[in-house]
Amino acid sequence: MFYELASSSWGSEEIAAMQRVIASGMFTMGEHVRRFEEEFARKFGTKHALMVSSGSTANLVGVAALFYAGKRPLARGDEAIVPAISWSTTYYPLQQYGLRLKFVDVDLETLNIDVSRLEQALTPRTRMVVAVSILGNPCALDVLRAFCDRHGLILFEDNCESMGATLNGKQCGTFGDLGSFSSFFSHHISTMEGGVLVTDNTELYHVAKSLRAHGWTRDLPSNTRIFEKKDDDFYEAYRFILPGYNARPLELSGAIGIEQLKKLDRMVELRRKNAELFVGLMKGDKRFVIQRENGRSSWFAFTVILAPGLDLDRKKVMAALKAADIGYRIITGGCFLRHDVIKYFDYECVGAMRNADLAHDRGFFVGNHPRDLRPQIERLRAVLDAAAR
Ligand SMILES: Cc1ncc(COP(=O)(O)O)c(C=O)c1O
């Protein structure tokens, strides 16, 4: 394809890393995952990093951990404030754990939660805000952090789309009490499938670590706040303390992750160069709303929304993109409220979802990749220009 949505970012280093794991014959979670976690925590400046099988399981284990840790764990019926645009598995653990969701519209330009609606979303039952930085673009994490601190709320950061982005010099994913990352194919780093949970809270980390692997104590040190080790080794070897999962990653993913992490800065730099070209070519054209950067985006993709109020036909634009061999898709998951699965949720909308609906009905994104995309972006510009006349 001339301009695809996603491509591999692996080189010979990742293949060699996999071959070393294959040669070792040790495939289940071990030394490589442990090293990847250490390097991830160092890179992002967090106390702890826990690798899991995907970004989705990072969200699942993270939300679950909040039900079992701290002086005031989450409880069923508590409310969480969420943006109207995100990926499905941002929301699923919240539903599965019995939280009530308060949906807030997004800003049409940043595509992130409209923070002017936060106070309106707040009730005595609010316990958490879920912050999502869409497609590499930092949401107003500083405002959300201050709001949570002011009201004694948990800030959960789903940073699965925005590894390498920063706001005021601080890494996205590290503003929250917990932050999740994805290393699925096409993300800023790829380990095939994979995810990471970061936190500075050691109790949360220990709870999440137990939840990652069967809810047992095996991977925990003996001096944690969450269990007391007894002197019966037979019993301790299979001791279950929490209703957990098996969300462990493979050694192959850990080994690839170590190599990918070394390349992250350079890959983000290349993505930003492409973004500079895209924004330069598109800005000022009133027919298209493109994503406005907040802080420093790591530019997962390039979004285009056909300007509201203009007589522009997305079907026609998409047909032109298809004919030009350019891949496109809905912005993340579109407005989540528009999906059938919403019938299983306990939720409420805080006002209208005008902008999320516009993104759903008039938007799409094209890919960004860690390599020079000048010919692709120039063709995209020409195709959009002709199709929206
Ligand atoms: C915001 C967000 N959260 C969670 C996920 C889930 O990540 P994964 O595909 O690794 O399960 C994604 C996937 O891209 C995502 O965009």
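A short tour of the structure in this document, coming up. Just so it is clear, the structure is predicted and the values come from calculations on it, not from any experiment.

1. Digging into the site of the ligand
Close contacts around the ligand come from 15 residues, with Gly55, Ser56, Asp158, Glu161 and Ser182 the closest. Between the ligand and Gly55, the relevant distance is 2.8 Å, taken from an oxygen atom to a main-chain nitrogen or oxygen of the residue. Here an oxygen atom of the ligand sits 2.7 Å away from a polar atom, N or O, in the side chain of Ser182. For the ligand, the accessible surface in isolation is 390 Å², of which the surrounding protein chains cover 90%. Contributions of two or more residues to the shell around the ligand are made by helix 3 (55-66) and helix 4 (88-96). No other element matches the three residues that helix 3 contributes to the shell around the ligand. Here the shell around the ligand is built from residues that sort into three nonpolar, ten polar and two charged.

2. A short note on the pattern of salt bridges
Tallying each qualifying case throughout the model produces 33 salt bridges. A salt bridge links Lys102 to Glu348, with the shortest nitrogen-to-oxygen separation between them at 3.3 Å. Of this pair, Lys102 sits in strand 3 (residues 100-104) while Glu348 is found in strand 12 (residues 347-349), placing the two residues 246 residues apart along the sequence. For Lys102, a relative accessible area of 4% puts it in the buried group. In this structure, the salt-bridge partner of Lys262 is Glu259, at a minimum N-O distance of 3.1 Å. Here Lys262 and its partner Glu259 are both found in helix 9 (residues 251-282), three residues apart, which amounts to about one turn of the helix.

3. Some details on the pairing of strand 9 (residues 195-199)
The buried fraction of strand 9 amounts to five of the five residues, a majority that puts the element mostly inside the structure. Of the two faces of strand 9, the one lined by Gly195, Leu197 and Thr199 and the one lined by Val196 and Val198 are each fully buried. In terms of strand pairing, strand 1 (residues 48-52) meets strand 9 through five bridges, oriented antiparallel. The residue of strand 9 that forms the bridge with Met51 is Val196. In this sheet, strand 9 lies alongside strand 8 (residues 178-182) in antiparallel orientation, the contact comprising four bridges. Across the sheet, the residue bridging to Ser182 is Gly195, located in strand 9.

4. Structural notes on the sheet that holds strand 10 (residues 288-290)
In space, the three strands of this open sheet follow the order 10-11-13, with antiparallel pairing throughout. Sheet topology places strand 10 and strand 13 (363-367) at the edges, where each strand pairs with a single neighbour. Averaged over all pairs of adjacent strands, the angle between strand axes in this sheet comes to 30 degrees, irrespective of strand direction. Two elements, strand 11 (residues 301-306) and strand 13, share five bridges in a ladder whose sense is antiparallel. Residue Ile305 lies in a different strand from strand 13, and its bridge partner there is Gly363. Packing of helix 9 onto the sheet brings it into contact with strand 10 and strand 11, and relative to strand 11 it is tilted by some 20 degrees. In this fold helix 10 (residues 314-323) packs onto strand 11 and strand 13, with an angle of close to 15 degrees to the strand it touches most, strand 13.

5. Structural notes on the sheet that holds strand 1
Here we have eight strands laid out as an open sheet, ordered 1-9-8-5-4-2-3-12, and mixed in their pairing. In this open sheet, the two edge strands, each paired with only one partner strand, are strand 1 and strand 12. Within this sheet the neighbouring strands show an average axis-to-axis angle of 20 degrees, counted without direction. Here strand 5 (residues 154-158) runs beside strand 8; their pairing, made up of three bridges, is parallel. Bridge assignment links Phe156 to a residue of strand 8, and that residue is Leu178.

6. Observations regarding the nonpolar core
By size, the foremost hydrophobic cluster in this structure holds 57 residues, and its most contacted members are Leu66, Leu94, Phe103 and Met128. It is helix 3 that contributes the most residues to this core, seven residues altogether. In this structure, Met128 is in contact with Leu66, Leu74, Glu79, Ala80, Ile81, Leu94, Leu99, Leu153, Ile154 and Phe156, ignoring residues within four places of it in sequence. The next biggest cluster of nonpolar side chains, apart from the first, holds 25 residues, and it includes Phe278, Ile326, Val366 and Ile377.

Calculation notes
Residues numbered from 1 in each chain as written. Predicted model: local features only at pLDDT ≥ 70, side-chain atom pairs only at ≥ 80, totals over all residues. Heavy atoms only, no water. Near = heavy atom within 4 Å. Polar contact = N/O pair within 3.5 Å; in protein donor to acceptor, adjacent residues only side chain to side chain. Areas by Shrake-Rupley, 256 points an atom, 1.4 Å probe, with all protein chains shown as cover. Helix = DSSP H or I, 4+ residues; strand = E, 2+ residues; numbered from the N terminus. Nonpolar A, V, L, I, M, F, W, Y, C, P; charged D, E, K, R; others polar. Salt bridge = Lys/Arg side-chain N within 4 Å of Asp/Glu carboxyl O. Buried < 20%, exposed > 50% of the residue type's maximum accessible area, 1.4 Å probe, protein only. Pairing = 2+ DSSP bridges. Axes fitted to C-alpha atoms, helices over the stretch in contact; angles between N-to-C directions. Contact = heavy atoms within 4.5 Å. Core = buried A, V, L, I, M, F, W, Y, C linked by side-chain atoms within 4.5 Å.

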